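So you can see what is in the structure, the chains are spelled out below.
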Amino acid sequence: MTDVTGAPADVLHTLFHSDQGGHEQVVLCQDRASGLKAVIALHSTALGPALGGTRFYPYASEAEAVADALNLARGMSYKNAMAGLDHGGGKAVIIGDPEQIKTEELLLAYGRFVASLGGRYVTACDVGTYVADMDVVARECRWTTGRSPENGGAGDSSVLTAFGVFQGMRASAQHLWGDPTLRGRKVGVAGVGKVGHHLVDHLRADGAEVVITDVREDSVRRILDQHPTGVTAVADTAALIRTEGLDIYAPCALGGALDDTTVPALTASVVCGAANNQLAHPGVEKDLADRGILYAPDYVVNAGGVIQVADELHGFDFDRCKAKAAKIFDTTLAIFARAKKDGIPPAAAADRIAEQRMAEARSH
């Protein structure tokens, strides 16, 4: 079913009528010469310019790409609000396989589209885009972060993303077991790419036993080579979530990791990971709570990366960023306390705190 413009009606319904919508602006971008097809979604600029990464992914359909951009942009509003940043939420997706169609011409064309928004949207890296790509985009657009240090940027933001997730795990341990250490705990990490491999380093340094899985065999091999003791691998996520004696499960790959199949099978007492949009649909947060599983909201604990790229706009200082990312520990504890006080799951408590901050910004 389509509307008068030929756009899928369900996307427009999401945008204008559903609780998942409410976005300020959605831009459809096309540059036929380079093959660029992109969607830029701005959910909110109440707290400041929308900030969020650029995902380059071979979506099955344009409708799927738009839906992903809408979801990711909305998530960024909440993430930036909870991280205490003066930024709203936005996200861009480029449609296509980056290994097949990514070219300098395409990235420059994309940069021109971002620049045309006049600073309402600040972009950065995401799945399928890297520091080198942002350096190219920045040639056409000054509202680009996640650039290389040689080009005035902060470099790889996955370092602080992993650090923030680790702080979220420490807060979960403090809340559940009364001690903010992972020593002697068994932690399952699904996805040991950009962020996951740094997370494993933190966990091993803190004395945790780690079980890993990844669709890429070379990523698993790299971790096992780096950590000859204390780390084991399993075949897939289905095996990981069923690992006996697992204390914490860390989804660090793509979203939707927590659904009606995985939640009943989880052996872990805590879920705390780097992936965005971990809850496959509304209600999963209640399913986790009903099973007595503590959920550290993804957009709270994985905010280290966005804290890092936001700092680029003010002249990057790693120590300043790390200090801010360390506060994810306190923020996570505050969410658990609010959830207990209000008698709601932590995900709902985080939403309430973020919505309150956005509402207060709009009223001024």
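Residues numbered from 1 in each chain as written. Predicted model: local features only at pLDDT ≥ 70, side-chain atom pairs only at ≥ 80, totals over all residues. Heavy atoms only, no water.

A short note on the packing of helix 6 (residues 158-177) against helix 14 (residues 318-326)
So, step 1. At a minimum axis separation of 9 Å, helix 6 and helix 14 run at an interaxial angle of 30°. The angle between helix 6 and helix 14 falls in the class roughly parallel. Here the hand of the crossing between helix 6 and helix 14 comes out right-handed. Contact residues: Val159, Leu160, Phe163, Gly164 and Gln167 in helix 6; Phe318, Cys321, Lys322, Ala325 and Ala326 in helix 14.
So, step 2. Residue composition of the contact of helix 6 with helix 14, grouped by class: seven nonpolar, two polar and one charged. (Axes fitted to C-alpha atoms, helices over the stretch in contact; angles between N-to-C directions. Helix = DSSP H or I, 4+ residues; strand = E, 2+ residues; numbered from the N terminus. Parallel < 35°, antiparallel > 145°, perpendicular 65-115°, else oblique. Left-handed = near helix turned anticlockwise from the far one by under 90°. Contact = heavy atoms within 4.5 Å. Nonpolar A, V, L, I, M, F, W, Y, C, P; charged D, E, K, R; others polar.)

As for the pattern of salt bridges
So, step 1. The tally for this structure, following the rule as stated, stands at 18 salt bridges.
So, step 2. For the salt bridge of Arg55 with Asp68, the shortest nitrogen-to-oxygen distance reads 3.6 Å. Here Arg55, found in strand 3 (residues 50-57), pairs with Asp68, found in helix 2 (residues 62-82); they are 13 residues apart in sequence, far enough to count as distant.
So, step 3. Looking at Arg55, the relative accessible area reads 9%, which means it is buried.
So, step 4. Of the charged contacts, one joins Arg320 and Asp311 as a salt bridge, the two residues approaching to 2.8 Å between their closest N and O atoms.
So, step 5. Its relative accessible area of 9% is what places Asp311 among the buried residues.
So, step 6. Salt bridges sharing common partners tie together Arg55, Asp68, Lys91 and Asp126. (Salt bridge = Lys/Arg side-chain N within 4 Å of Asp/Glu carboxyl O. Buried < 20%, exposed > 50% of the residue type's maximum accessible area, 1.4 Å probe, protein only.)

Thoughts on the sheet that holds strand 3
So, step 1. Taken together, the five strands give an open sheet; going across it, the order is 1-2-4-3-5, and neighbouring strands pair in mixed fashion. With one partner strand each, in any of the chains shown, strand 1 (25-31) and strand 5 (121-125) form the two edges of the open sheet. Between one strand and the next, the sheet's axes are offset by a mean angle of 20°, whatever the strand orientation.
So, step 2. Both strand 1 and strand 2 (residues 36-44) contribute to a ladder of seven bridges, which runs antiparallel. Each bridged residue has a counterpart across the sheet, and for Asp31 the counterpart in strand 2 is Leu36. (Pairing = 2+ DSSP bridges.)

Description of the environment of Asn80
So, step 1. Mapped onto the fold, Asn80 is located in helix 2.
So, step 2. With relative accessibility at 0%, the residue Asn80 sits in the buried group.
So, step 3. Residues Asn80 and Val137, spaced 57 residues apart in sequence, show a C-alpha to C-alpha distance of 22 Å.
So, step 4. With sequence-adjacent residues up to four places away left out, Asn80 is seen in contact with Leu51, Leu85, His87, Gly88, Gly89, Val306 and Arg357.
So, step 5. At 2.7 Å, the side chain of Asn80 and the backbone oxygen of Gly88 are in polar contact. (Polar contact = N/O pair within 3.5 Å; in protein donor to acceptor, adjacent residues only side chain to side chain.)

None of the figures reported here should be taken as evidence of function without further support.
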